[in-house]
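Architecture at a glance
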Amino acid sequence: MKVKEVIKILEENGWVYQRTRGDHRIYYKAGMRRTISIPGKLSNDMREGTYQGILRQAGIKEIVRQIKNENN
């Protein structure tokens, strides 16, 4: 999955771009304790473990799993 696609998923679930530090984009959501850091350029492929960790931090892992099951 591309970094650009992961960012799209976060933004659809209420996460907002805050700033960039190096090649990491920082996103926040009101009411959440922590920010989420998205590494890499928009066109880069994201590793599966990194992708799963970001979804877990964002609290949307279950939502994405349901969407994948509906598409299959």
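The notes below deal with the structure included here.

How each quantity is defined
- Residues numbered from 1 in each chain as written.
- Predicted model: local features only at pLDDT ≥ 70, side-chain atom pairs only at ≥ 80, totals over all residues.
- Heavy atoms only, no water.
- Pairing = 2+ DSSP bridges.
- Helix = DSSP H or I, 4+ residues; strand = E, 2+ residues; numbered from the N terminus.
- Axes fitted to C-alpha atoms, helices over the stretch in contact; angles between N-to-C directions.
- Salt bridge = Lys/Arg side-chain N within 4 Å of Asp/Glu carboxyl O.
- Buried < 20%, exposed > 50% of the residue type's maximum accessible area, 1.4 Å probe, protein only.
- Core = buried A, V, L, I, M, F, W, Y, C linked by side-chain atoms within 4.5 Å.
- Contact = heavy atoms within 4.5 Å.
- Phe/Tyr/Trp six-rings, centres within 6.5 Å; stacked < 30°, edge-to-face > 60°.
- Lys, Arg positive; Asp, Glu negative; His and termini not counted.
- Polar contact = N/O pair within 3.5 Å; in protein donor to acceptor, adjacent residues only side chain to side chain.

A word on the sheet that holds strand 2 (residues 24-28)
One open sheet accounts for three strands, arranged 1-2-3; its pairing is antiparallel. Lying at the two open borders of the sheet, with one neighbouring strand each, are strand 1 (16-21) and strand 3 (36-39). Mean inter-strand twist for the sheet, computed between neighbouring axes without regard to direction, equals 30°. Pairing of strand 2 with strand 3, which is carried by four bridges, proceeds in the antiparallel orientation. Along strand 3, the bridge assignment pairs Y27 with I36.

A few points about the pattern of salt bridges
Side-chain pairs of opposite charge can arise where the charged atoms are in close proximity. The tally for this structure, following the rule as stated, stands at one salt bridge. The residue K2 makes a salt bridge to D45 at a minimum N-O spacing of 3.3 Å. Taken together, the residues K2 in the segment before helix 1 (3-12) and D45 in the loop between strand 3 and helix 2 (48-58) connect sequence positions 43 residues apart. We classify D45 as exposed; its relative accessible area is 58%.

What to know about the nonpolar core
As a rule of thumb, soluble globular proteins bury nonpolar side chains together. Ranked by internal contacts, the top residues of the largest apolar core, which has 15 residues, are L10, I36, I38, M46 and I54. Those elements that provide at least two residues to this core are helix 1, strand 3 and helix 2. Counting residues per element, this core draws most heavily on helix 1, which supplies five residues. Here I36 is in contact with L10, W15, R25, I26, Y27, I54, Q57 and A58, once residues within four sequence places are set aside.

Focus on the packing of aromatic side chains
One pass over the full model with this rule turns up one aromatic pair. Summarising the aromatic geometry, the rings of Y17 and Y27 are spaced 5.7 Å apart at their centres and angled 70° between planes, so their arrangement reads as edge-to-face. With Y17 in strand 1 and Y27 in strand 2, the pair connects residues that are 10 residues apart, well separated along the chain.

Some thoughts on the side chain of R25
Take R25: it is sitting in strand 2. The buried charged residue R25 lacks any salt bridge partner; its closest oppositely charged side chain belongs to D23, at an N-O distance of 7.1 Å. A distance of 2.7 Å separates the side chain of R25 from the backbone oxygen of G40, its partner in a polar contact. Here R25 is in contact with I7, Y17, R19, T20, I36, S37, I38, G40, K41 and L42, once residues within four sequence places are set aside.

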